[in-house]
Amino acid sequence: AQKVTQAQTEISVVEKEDVTLDCVYETRDTTYYLFWYKQPPSGELVFLIRRNSFDEQNEISGRYSWNFQKSTSSFNFTITASQVVDSAVYFCALRALIQGAQKLVFGQGTRLTINP
Amino acid sequence: GAVVSQHPSRVICKSGTSVKIECRSLDFQATTMFWYRQFPKQSLMLMATSNEGSKATYEQGVEKDKFLINHASLTLSTLTVTSAHPEDSSFYICSARNLRGTMNTEAFFGQGTRLTVV
């Protein structure tokens, strides 16, 4: 089965704290892609990162960093020195071959609240 | 990044009427478009996949006669909610990809449409 699990439903931290959002995935595919999206209150999905299954190198982009571990099927997302503007729902997603078509499977999302 | 425009952003309609939602790719050719539905505080659920010029492929449990999808051009797909009922109230969001050439392109999402049926 193709599945994405974000065990943390809601996280609330105080501004400037570091926070890690967990993502665990399941897939039978050897080639797949993992994504993180941010959904602010306005509703649109903002693309944050794409990682393919052959690239386990961790990535850092400003205050954001991602840790991809194939051994544990995890693709965790860390925000360093969090800011109020980081408050949003964050979705981890897996793109894999499902019934002959490439489809995105989303986790349940983690609602992140950064308090001033 | 590429831009996908979805219109309207909000719509309120009376029960029994039909509503059309448009999804346009503004700066690239979208060979494939996806329509998702999102209930409050829940994840995105894929409703259907449409390829330009062909019939949409619906996910299990999605009524194709209620949710009509048209993808007549490489820049426009429409979702029509026919004979809408209050239980159709939801957030609908589209995404678009160009699957010609390289396969490893991400999907770009529209801004979403919040449908309220009264």
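Predicted, not measured: the structure shown is a model, and the values here were computed from it.

**Q** Could you clarify how one ought to interpret the overall build of chain A in this entry?
**A** What chain A contains, in helices and strands, is 0 helices and 12 strands. Order of helices (α) and strands (β) in chain A, N terminus to C terminus: β-β-β-β-β-β-β-β-β-β-β-β. Here chain A has a C-alpha radius of gyration of 14 Å; the compact-globule value for 116 residues is 13 Å, and the two agree. For chain A, the spread of C-alpha atoms along the three principal axes comes to 45 × 30 × 20 Å. Counting all 116 residues of chain A, 47% fall into the buried class. In chain A, the proportion of contacts linking residues at least 24 apart, taken out of those at least 6 apart, comes to 55%. When the accessible area of chain A is evaluated, it comes to approximately 5600 Å², of which 49% is carbon and sulfur surface. Taking the 11 positively charged and 12 negatively charged side chains of chain A as two groups, their mean positions are separated by 7 Å.

**Q** I would appreciate a short explanation of the side chain of Asp88 of chain B in the present structure.
**A** Structurally, the position occupied by Asp88 of chain B is in the loop between β8 (76-81) and β9 (90-97). Setting aside residues no more than four positions away along its own chain, Asp88 of chain B makes contact with Arg37, Lys66, Phe67, Val81, Ser83, Leu115 and Val117 of chain B.

**Q** I would appreciate a short explanation of the pattern of salt bridges in the present structure.
**A** It is possible for side chains of opposite charge to pair when their charged atoms get near one another. The final tally for this structure, using the stated rule, is 6 salt bridges over all chains. Arg51 of chain A serves as the salt-bridge partner of Glu59 of chain A, at 2.8 Å between the closest nitrogen and oxygen. Measuring nitrogen to oxygen at the nearest pair gives 2.8 Å for the salt bridge that ties Lys66 of chain B to Asp88 of chain B. Taken together, the residues span a long stretch of sequence, with Lys66 of chain B in the loop between β6 (57-58) and β7 (67-73) and Asp88 of chain B in the loop between β8 and β9 at a distance of 22 residues. Given a relative accessible area of 12%, Lys66 of chain B falls into the buried group. Its relative accessible area of 4% is what places Asp88 of chain B among the buried residues. One continuous salt-bridge network, built from bridges that share partners, spans Arg51, Asp55 and Glu59 of chain A.

**Q** Where do I start with the interface of chain A and chain B in this structure?
**A** Many analyses report the size of an interface as the accessible area lost when the parts associate. Between chain A and chain B, the residue contacts involve 19 residues of the former and 20 residues of the latter. For chain A, the biggest contributors to the area lost against chain B are Leu45, Arg95 and Lys103 of chain A; these three give 25% of the whole. For the pair chain A and chain B, the interface holds 1 salt bridge. Glu59 of chain B is paired through a salt bridge with Lys103 of chain A; the nearest N and O atoms lie 2.6 Å apart. Joining chain A to chain B, the criterion identifies 3 residue pairs in polar contact (both at pLDDT 80 or more). Counting residues per element, the ones that place at least two in the side of chain A that touches chain B are β5 (33-39), β6 (46-52), β10 (88-98) and β11 (101-106) of chain A. Across the side of chain A that touches chain B, the residue classes break down as 8 nonpolar, 6 polar and 5 charged.

**Q** Before we go on, may I ask you to explain the state of the cysteines in this structure?
**A** Two cysteines form a disulfide when their sulfur atoms are joined by a covalent bond. Within the structure shown, the criterion is met by 2 disulfides over all chains. Between the sulfur atoms of Cys23 of chain A and its disulfide mate Cys92 of chain A the distance is 1.9 Å. Here the S-S torsion is close to -65°, and the disulfide linking Cys23 of chain A with Cys92 of chain A is therefore left-handed. Pair noted here: Cys23 of chain A is in the loop between β3 (19-21) and β4 (24-26) and Cys92 of chain A is in strand β10, with a separation of 69 residues, a long-range link. Cys23 of chain A gets classed as buried once you look at its relative accessible area, which sits at 0%. One disulfide in the model links Cys23 of chain B with Cys94 of chain B; its S-S distance is 2.0 Å. Here Cys23 of chain B and Cys94 of chain B share a disulfide; its torsion about the S-S bond, 80°, makes the bridge right-handed. Here the residue Cys23 of chain B occupies a position in strand β3 (residues 19-25), and Cys94 of chain B occupies one in strand β9, the gap between them amounting to 71 residues. The burial state of Cys23 of chain B is the same as that of Cys94 of chain B; both residues are buried. In this model Cys13 of chain B remains outside any disulfide bridge; the closest cysteine sulfur is found in Cys94 of chain B, 18 Å from its own.

Calculation rules
Residues numbered from 1 in each chain as written. Chains lettered and ligands numbered in written order. Predicted model: local features only at pLDDT ≥ 70, side-chain atom pairs only at ≥ 80, totals over all residues. Heavy atoms only, no water. Helix = DSSP H or I, 4+ residues; strand = E, 2+ residues; numbered from the N terminus. Rg over C-alpha atoms; globule rule 2.2 N^0.38 Å. Buried < 20%, exposed > 50% of the residue type's maximum accessible area, 1.4 Å probe, protein only. Contact = heavy atoms within 4.5 Å. Areas by Shrake-Rupley, 256 points an atom, 1.4 Å probe, with all protein chains shown as cover. Lys, Arg positive; Asp, Glu negative; His and termini not counted. Charge placed at Lys NZ, Arg CZ, Asp CG, Glu CD. Salt bridge = Lys/Arg side-chain N within 4 Å of Asp/Glu carboxyl O. Buried area = accessible area lost by both parts, 1.4 Å probe. Polar contact = N/O pair within 3.5 Å; in protein donor to acceptor, adjacent residues only side chain to side chain. Nonpolar A, V, L, I, M, F, W, Y, C, P; charged D, E, K, R; others polar. Disulfide = S-S within 2.5 Å.

Functional significance is not addressed by these values, which are geometric in nature.
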